[in-house]
Amino acid sequence: MNMKQAHGLAALLSSNSITEAAKVSGTSETTLRRWLREDAEFIEAYNTQLRTMLEDASRVGQVRSAEAMKCFVDVMGDDAINPQTRITAARSLLEFTLKLTEFTELKTQMEELERRIKKMDGGENRV
């Protein structure tokens, strides 16, 4: 990857849009879009860094999730707070819990499938 692409990549990862990234990096939108569509090395670097950013954000959410749950529970149980706000807190807590449960179940199922595939392949990792 050349320096112009590295600047474009950094801009894409820190901007709110491709238009903004183009202005920040001094690269045209057309070029950024082409790199994202056709340049395998650029696409791989973009996806790798984006995945890292999302994993980091997820870790922050995981660390703070107990605090968020406590906040939901406190709001739900406070009779002095507007009932609509309490209902919203309860709904949010239920939605978050459901999503977390679904994610955990899917992750467990995926890990089991990967384990079975490895066993079928004689230990080779083709996943």
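To be clear, the structure that these remarks concern was listed above.
Residues numbered from 1 in each chain as written. Predicted model: local features only at pLDDT ≥ 70, side-chain atom pairs only at ≥ 80, totals over all residues. Heavy atoms only, no water.

J.: Please clarify how helix H5 (residues 83-120) should be interpreted in this entry.
T.: Residues that lie three or four places apart on an α-helix share one face, since the helix turns once every 3.6 residues. Spanning 38 residues, H5 covers 55 Å between terminal C-alpha atoms, matching the ideal 56 Å at 1.5 Å per step. For H5, the capping residue at the N-terminal end is asparagine 82, with a side-chain oxygen 2.6 Å from the backbone nitrogen of glutamine 84. Following H5 by one or two positions, glycine 122 adopts a phi angle in the positive range, close to 70°. (Helix = DSSP H or I, 4+ residues; strand = E, 2+ residues; numbered from the N terminus. Expected span 1.5 Å × (residues − 1). Polar contact = N/O pair within 3.5 Å; in protein donor to acceptor, adjacent residues only side chain to side chain.)

J.: How should I be thinking about the packing of helix H3 (residues 29-38) against helix H4 (residues 40-77) in this particular structure?
T.: Helix packing geometry: the angle between the two helix axes and the distance between the axes. Running from N to C, H3 and H4 cross one another at 90°; their axes reach a closest spacing of 6 Å. It follows that H3 is roughly perpendicular to H4 by the angle criterion. Between H3, through Trp35, Leu36, Arg37 and Glu38, and H4, the contact on the second element is made entirely by Ala40, Phe42, Ile43 and Tyr46. (Axes fitted to C-alpha atoms, helices over the stretch in contact; angles between N-to-C directions. Parallel < 35°, antiparallel > 145°, perpendicular 65-115°, else oblique. Contact = heavy atoms within 4.5 Å.)

J.: Got a minute to help me understand the pattern of salt bridges in this structure?
T.: Here the idea is simple: oppositely charged side chains can pair when their charged atoms come close. If you walk through the whole model with that rule in mind, you get nine salt bridges. Where aspartate 74 meets lysine 70, a salt bridge forms, and the shortest distance between an N and an O atom there is 2.8 Å. Of this pair, aspartate 74 and lysine 70 both sit in helix H4, four residues apart, which is roughly one turn of the helix. Where salt bridges share partners, they join Glu112, Arg115 and Arg116 into one cluster. (Salt bridge = Lys/Arg side-chain N within 4 Å of Asp/Glu carboxyl O.)

J.: Would you mind going over a nonpolar patch on the surface with me for this structure?
T.: Nonpolar side chains collect at one region of the surface, where Phe96, Leu100 and Phe103 lie side by side and expose about 290 Å² of accessible area between them. Within the secondary structure layout, phenylalanine 103 lies in helix H5. Residue classification places phenylalanine 103 among the exposed positions, given a relative accessible area of 51%. (Patch = residues over 30% accessible without salt bridge, like charges linked within 9 Å, V, L, I, M, F, W, Y side chains within 5 Å. Areas by Shrake-Rupley, 256 points an atom, 1.4 Å probe, with all protein chains shown as cover. Buried < 20%, exposed > 50% of the residue type's maximum accessible area, 1.4 Å probe, protein only.)

J.: Would you take a moment to explain the nonpolar core for this structure?
T.: One recurring pattern in soluble globular proteins is that nonpolar side chains are buried together. The biggest cluster of nonpolar side chains holds 11 residues, and these are Leu9, Ala11, Leu12, Leu13, Ala21, Ala22, Leu32, Trp35, Phe42, Ala45 and Tyr46. Where this core is concerned, the elements lending two or more residues are helix H1 (3-14), helix H2 (18-25), H3 and H4. Ranked by residue count, the leading element in this core is H1, at four residues. With residues up to four places along the chain from it excluded, the contact list for alanine 11 reads Ala21, Val24 and Ser25. (Core = buried A, V, L, I, M, F, W, Y, C linked by side-chain atoms within 4.5 Å.)

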